[in-house]
Amino acid sequence: MEESIMANSVERRMNDLLLEDEEAGKITINRKPIYVSCVSNFTNFLDLFRKTIRNMELGIPCVVLGRSNTVQHSYRWTELLMELLERENIDPGMLTYLSCELDDIIDITQSCRDSTGMLYTTSSRELAAAIKSGYPNTIASTGGPNTLVTTEWTKEVQDAIRMSATIECAGQCTALRHAVVPESVTKEDVEILFDTTHGAGSATDALKGGQFDCVFEGHAGSATPSLDDGVYTKHGKKDVYYKISTSLPEDGINEYWRKAVVDVTTKAPAPDLQGNSDPSKIDDLARWLVTNQPISLAVNAPRPLGFKLGQDLFEKTAQVVYTVGSTNDPRAPPALSCQARPQEAEVFGEFPPRKSLDTYTKYPVVVPSSTPAYDSSFKVEYLQSLTSADVESADGELNYARSAIDAAQDGAIRGYCVEILNYISNATETNPKRGFGTDRTAVWGLQRPPLLDGGLTSIRCDNNVSYDDMLPVFLPFYVTNARNQVEISVDPNNQGLLSALKGLQADKDVLIKIEDSDAHANRMKDEANRYYNVVPISPGGLTDFPMVGQFISLYFPLGHIKSTMSGDEEFVAHFKKSAKWLKVFRE
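Scoring rules and cut-offs
- Residues numbered from 1 in each chain as written.
- Predicted model: local features only at pLDDT ≥ 70, side-chain atom pairs only at ≥ 80, totals over all residues.
- Heavy atoms only, no water.
- Helix = DSSP H or I, 4+ residues; strand = E, 2+ residues; numbered from the N terminus.
- Rg over C-alpha atoms; globule rule 2.2 N^0.38 Å.
- Contact = heavy atoms within 4.5 Å.
- Areas by Shrake-Rupley, 256 points an atom, 1.4 Å probe, with all protein chains shown as cover.
- Lys, Arg positive; Asp, Glu negative; His and termini not counted.
- Charge placed at Lys NZ, Arg CZ, Asp CG, Glu CD.
- Pairing = 2+ DSSP bridges.
- Axes fitted to C-alpha atoms, helices over the stretch in contact; angles between N-to-C directions.
- Buried < 20%, exposed > 50% of the residue type's maximum accessible area, 1.4 Å probe, protein only.
- Polar contact = N/O pair within 3.5 Å; in protein donor to acceptor, adjacent residues only side chain to side chain.
- Phe/Tyr/Trp six-rings, centres within 6.5 Å; stacked < 30°, edge-to-face > 60°.
- Lys NZ or Arg CZ within 6 Å of the ring centre and 35° of its normal.
- Patch = residues over 30% accessible without salt bridge, like charges linked within 9 Å, V, L, I, M, F, W, Y side chains within 5 Å.
- Salt bridge = Lys/Arg side-chain N within 4 Å of Asp/Glu carboxyl O.
- Expected span 1.5 Å × (residues − 1).
- Core = buried A, V, L, I, M, F, W, Y, C linked by side-chain atoms within 4.5 Å.

Student: I'd love a proper account of the overall build of the protein, names of residues and values included.
Tutor: Helices and strands together make up the secondary structure of the protein, namely 19 helices and 25 strands. The C-alpha radius of gyration computed for the protein amounts to 24 Å, which stays within 12% of the reference 25 Å derived for 587 residues, consistent with globular compactness. Projected onto the principal axes, the alpha-carbon positions of the protein cover approximately 70 × 65 × 45 Å. Taking the contacts inside the protein whose residues are at least 6 apart along the sequence as the reference set, 77% of them involve residues at least 24 apart. Carbon and sulfur atoms provide 49% of the accessible area of the protein, an area that totals close to 23,800 Å². Side-chain charges in the protein split into 57 positive and 80 negative, and the spacing between the mean points of these groups amounts to 3 Å.

Student: Kindly report on the sheet that holds strand 24 (residues 531–536), identifying the contributing residues and their values.
Tutor: Strand order in the open sheet formed by four strands is 23-22-21-24, with parallel pairing between adjacent strands. Only two strands of the sheet have a single neighbouring strand rather than two, namely strand 23 (511–514) and strand 24. The average angle at which neighbouring strand axes cross in this sheet is 20°, direction not considered. This element, helix 15 (residues 467–478), spans strand 21 (456–461), strand 22 (486–490) and strand 24 of the sheet and lies at about 160° to strand 21. Against the sheet, helix 16 (residues 495–503) contacts strand 21, strand 22 and strand 23, and its axis sits at roughly 145° relative to strand 22.

Student: Could you give me a rundown of the side chain of threonine 327, with the residues and numbers involved?
Tutor: Considering the arrangement of structural elements, one finds threonine 327 in the loop between strand 15 (321–326) and strand 16 (348–350). On the accessibility criterion, threonine 327 (15% relative accessible area) is buried. At a separation of 3.1 Å, a polar atom in the side chain of threonine 327 contacts the side chain of glutamate 152. Ignoring anything within four residues of it in the chain, the contact list for threonine 327 reads Thr150, Glu152, Thr154, Val157, Asn300, Ala301 and Pro302.

Student: Summarise the packing of aromatic side chains; cite the residues concerned and give the values.
Tutor: Scanning the entire structure with this criterion turns up 18 aromatic pairs. Their ring planes at 80° and their centres at 6.4 Å tell us that phenylalanine 314 and phenylalanine 575 sit as a pair that is edge-to-face. Residue phenylalanine 314 is found in helix 10 (residues 306–315), and its partner phenylalanine 575 is found in helix 19 (residues 569–576); the two are separated by 261 residues along the sequence. Side by side, phenylalanine 314 and phenylalanine 575 carry an identical accessibility label, which is buried. In this structure an aromatic cluster arises from ring pairing among Phe307, Phe314, Tyr322, Phe571, Phe575 and Trp581. Above the face of the tyrosine 241 ring, lysine 234 is positioned so that its terminal group lies 5.8 Å from the ring centre. The ring of tryptophan 444 has lysine 433 lying over it, and the distance from NZ or CZ to the ring centre is 5.3 Å.

Student: Can you tell me about a negative patch on the surface, naming the residues and giving the values?
Tutor: A contiguous patch of negative charge on the surface is contributed by Glu101, Asp103, Asp104 and Asp107. Mapped onto the elements of the fold, aspartate 103 is located in helix 4 (residues 102–111). Look at aspartate 103 and you get exposed, because its relative accessible area is 62%.

Student: Before we move on, could you go through helix 15 and cite the residues and values that matter?
Tutor: Its twelve residues give helix 15 an end-to-end C-alpha distance of only 14 Å, which falls more than 12% under 16 Å, the value for a rise of 1.5 Å per residue. Among all positions of helix 15, only Tyr467, Asp468, Asp469, Met470, Leu471, Pro472, Val473, Phe474, Leu475, Pro476, Phe477 and Tyr478 are buried.

Student: Explain unusual backbone geometry residue by residue, including any values.
Tutor: Put simply, arginine 303 and proline 304 share a cis peptide bond, and its omega is -5°. Cis rather than trans, the peptide bond between asparagine 431 and proline 432 has omega equal to 10°. Within the secondary structure layout, proline 432 lies in the loop between helix 14 (411–428) and strand 19 (433–434). The phi torsion at tyrosine 256 lies on the positive side, around 50°, for a residue other than glycine. Along the chain, tyrosine 256 turns up in the loop between strand 12 (240–245) and strand 13 (260–265). The exposure class of tyrosine 256 is buried, given its relative accessible area of 11%. Residues other than glycine seldom take positive phi values, yet arginine 258 does so here, at roughly 70°. Following the sequence through the fold, arginine 258 ends up in the loop between strand 12 and strand 13.

Student: Summarise the pattern of salt bridges; cite the residues concerned and give the values.
Tutor: Evaluated as defined, the whole model comprises 28 salt bridges. One salt bridge connects arginine 54 with glutamate 57, and the closest N-O pair in it is separated by 2.8 Å. Look at arginine 54 and you get buried, because its relative accessible area is 1%. The partner of aspartate 284 in a salt bridge is lysine 267, with the nearest N and O atoms 3.4 Å apart. Of this pair, aspartate 284 sits in helix 9 (residues 279–292) while lysine 267 sits in the loop between strand 13 and helix 9, and the two are 17 residues apart along the sequence. Lysine 267 sits in the partly exposed class, given a relative accessible area of 23%. In the salt-bridge network here, residues are joined through shared partners; they are Arg303, Asp329, Arg331, Asp568 and Glu570.

Student: Could you give an account of the sheet that holds strand 3 (residues 62–65), with specific residues and numbers?
Tutor: Pairing within the open sheet is parallel, and its five strands lie in the order 4-3-2-5-6. This sheet does not close on itself; its edge strands, each paired only once, are strand 4 (95–98) and strand 6 (138–141). Pairwise comparison of adjacent strand axes, ignoring direction, gives a mean angle of 20° for this sheet. The sheet contact formed by strand 2 (residues 34–37) and strand 3 spans four bridges and is parallel. Paired with tyrosine 35 across the two strands is valine 63, which belongs to strand 3.

Student: Quick rundown of the nonpolar core? Include the residues and the values.
Tutor: Counting 92 residues, the largest nonpolar core has Phe378, Met470, Leu475 and Val479 as its most contacted members. At nine residues, helix 14 tops the list of elements feeding residues into this core. Sequence-distant contacts of leucine 475, that is, excluding residues within four places in its chain, are made with Ala404, Ile405, Cys417 and Leu421.

Student: Talk me through the side chain of threonine 109; I want residue IDs and the actual numbers.
Tutor: Within the secondary structure, threonine 109 is located in helix 4. Using a relative accessible area of 5% as the deciding quantity, one classes threonine 109 as buried. Looking at threonine 109, its side chain comes within polar contact range of the main-chain oxygen of isoleucine 106, at 3.1 Å. Sequence-distant contacts of threonine 109, defined by excluding residues within four places in its chain, comprise Tyr35, Leu119 and Tyr135.

This is the structure in structure tokens:
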């Protein structure tokens, strides 16, 4: 409830800013009815409430979709909201509850696509992919195999693992799925760890007992792991499953919603006396994290040597939530995988693996944010009124980029690129920014792609792609310290684009590959581990102009990293210097 009250206030203010831009004639908020497909956990904030109320308060009708696993909960919630609408004399037509079988929901959403707006869902990646394949305007909040790394096996770390794995009966989106532990940890150690797992008859019983970490009796959710092949072990007394291995889990592991299942990898990269860890272990883990994209990564090691391990993993990955705890300082208790307070600038988000993001969602979900902003766009007339002279940057640091904007033929593209530059200039003027929580210490902001041999973005331009088409995607890399992490692949017959890039002297600063589409596709397959993202540019470019924050999130990581210690100035001083934070490139 505390989080709901505080965080909803932040998002209301964001909605106010969006409405101000609409009233100023800059943007259009799409007010076609939207769908909300919800789950029961995080009801007051992350799911039903924020997705429904934030849209309704800007005049967008909402259709709440019943789901088999939460149908009664969502129905009763909608019924309560309907009563409030009547009490406040708000048109009840603003809210609809749609209760029907999945096949009927698919038929309704697909047949009404031209008359409805976004579909907001919280689900597994598999379900999100199925929804988006039939309804492209889907904004999906999905999970990921949240991971905790520890270099020591202390009682406090074991408690952190157990609590993270069983939070809300493993139903919380940042519940632990994967633990990387010292090589000395045995199967017996893991069995003992889960001996003290709490149990509860129901969620109500857990609330009455003040237990956030417990397994409910007779709970539903995913099917349990098979024990026939001997891969997973069921705890002798508790409803918990685990696997212990010297190798990282296979890619795409089942997340087992509402089931406490943990893959334990005995391969922790322990720091030496100088704080350095085995680089091969760090890189292997970083690649696994980039490929599987958990929401959350927790790192526990002795202070202050553990800062270096936390920094290495932060810089080489792209999670949204990072937490650094200690194994030797009670002021900085071990980090859990399941802790983020968006209302205190511990920015939270749900990003699928970057290369396949479009399979699951139109844009990644970031919290806090204005939910209607995901279905808003700039007015063409407003963008056409802007010129490169409207670029705002401190000390003229982006003056060199004005020629890139002026080279665009379309006025709306030029104006959108001005908005992109102004957004980047504003967002990176102070980056990272300091959080304002009192129990923990966070820094947050926009980030570069992973600083790993595998952190490149390839922008593919076929023969019929123009300079205007590719400029909005290329520009954020070109004007930031991520310019050495992008390449442009251009068809050899596209002499117009090659000439335009040469005119900007972009070929001196950015790698340009001249190759046909087959050669590019083969190279992306053969060198897949080198690329964080592959962006094919569509001929004709942007068909509308989304809010810049949503657009940038398609290509750049963002989020926060925090210490579990209050007022941790040593942590702030260390991580503010990280090369991962996005900065404006200065010529």
